[in-house]
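Take a look at the letters that make up each chain.
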Amino acid sequence: VPLIRPEGAGAELGLGDIMLDYRLQALGGNSRLAIAPRISLSLPSGRNARGRGSYGVGAGLPVSYSFSPRIVTHTNLAVLHVPGAREEEGRTGNAEYSVGQSVVYKAYPQAHLMLESLWTGGDANSFILSPAVRFALNFKSGLQIVPALALPYETRSGGSTGVLFYLSIEHPFAHSQTDARYPSPIR
């Protein structure tokens, strides 16, 4: 659930549109290559006058490859179309496509260093480079909590730096801890 402040004078902080994703692990498990296509639905959570509040549909193709036990790469190709989006110039409709690439170095079994990049084209052309670190807290029940911290740098508008905190909670409610069809992010 994103918390955003749209660009522009007097822009208010508020909820961004909520994305619901369905992802299919098409290839993966114990192999070095994993492919997990997804479809997305963007649900409005704010007023369109504030740059939010439109339905949208999207698709993505994430591909991961493990070069070695310590180095893994992730590539993600995605497209999102929000037909009802409004812009300041009065145009409607918004199409975005993106290419993401990341390299993960497993410094320790439960601590990873990451370098991620994202190029977005279409109505919002930008490039982001983001170094990050994540840790895993594993519990005997199979529950896993993964906090992460990133420092993204965006090249649009002369460059800006931010701080991103990420939290993932992986609960084993639908599978056993040893089920290879559903690998956890960090094990």
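What comes next is a walk through the structure. (Residues numbered from 1 in each chain as written. Predicted model: local features only at pLDDT ≥ 70, side-chain atom pairs only at ≥ 80, totals over all residues. Heavy atoms only, no water.)

### Thoughts on a nonpolar patch on the surface
Working step 1: A grouping of Leu61, Leu77, Val79, Tyr97, Val99, Leu115, Trp119, Phe127 and Leu129 is seen on the molecular surface, where their side chains present a nonpolar patch of about 760 Å² in accessible area.
Working step 2: Looking at the nonpolar patch, the elements with two or more residues in it are strand E7 (71-86), strand E8 (92-108), strand E9 (111-122) and strand E10 (126-135).
Working step 3: Inspection of the secondary structure puts leucine 129 in strand E10.
Working step 4: The exposure class assigned to leucine 129 is partly exposed, which follows from its relative accessible area of 37%. (Patch = residues over 30% accessible without salt bridge, like charges linked within 9 Å, V, L, I, M, F, W, Y side chains within 5 Å. Areas by Shrake-Rupley, 256 points an atom, 1.4 Å probe, with all protein chains shown as cover. Salt bridge = Lys/Arg side-chain N within 4 Å of Asp/Glu carboxyl O. Helix = DSSP H or I, 4+ residues; strand = E, 2+ residues; numbered from the N terminus. Buried < 20%, exposed > 50% of the residue type's maximum accessible area, 1.4 Å probe, protein only.)

### Thoughts on the packing of aromatic side chains
Working step 1: Scanning the model with the defined rule gives 2 aromatic pairs in all.
Working step 2: Consider the rings of tyrosine 97 and tryptophan 119, whose centres lie 5.8 Å apart with planes at 55°: the pair is tilted. Linking tyrosine 97 in strand E8 with tryptophan 119 in strand E9, this pair joins segments that are 22 residues apart in sequence.
Working step 3: Taking relative accessible area as the criterion, tyrosine 97 reaches 43% and is therefore assigned partly exposed. (Phe/Tyr/Trp six-rings, centres within 6.5 Å; stacked < 30°, edge-to-face > 60°.)

### A few points about the side chain of serine 42
Working step 1: Within the element layout of this structure, serine 42 appears in strand E5 (residues 38-43).
Working step 2: Residue serine 42 is classed as buried on the basis of its relative accessible area, which comes to 3%.
Working step 3: Those residues in contact with serine 42 that sit more than four places away from it in its chain are Asp17, Ile18, Met19, Ser54, Tyr55 and Gly56. (Contact = heavy atoms within 4.5 Å.)

### Some words on the pattern of salt bridges
Working step 1: In total, this model carries 1 salt bridge according to the counting rule given.
Working step 2: Close ionic contact of arginine 38 with aspartate 21 constitutes a salt bridge, the shortest N to O distance being 3.9 Å. Here arginine 38, found in strand E5, pairs with aspartate 21, found in strand E3 (residues 18-23); they are 17 residues apart in sequence, far enough to count as distant.

### Thoughts on the side chain of glutamate 154
Working step 1: One can find glutamate 154 in strand E13 (residues 153-154).
Working step 2: Once you skip the residues sitting within four places of it in the chain, glutamate 154 turns out to touch Ser126, Phe127, Ile128, Gly159 and Ser160.

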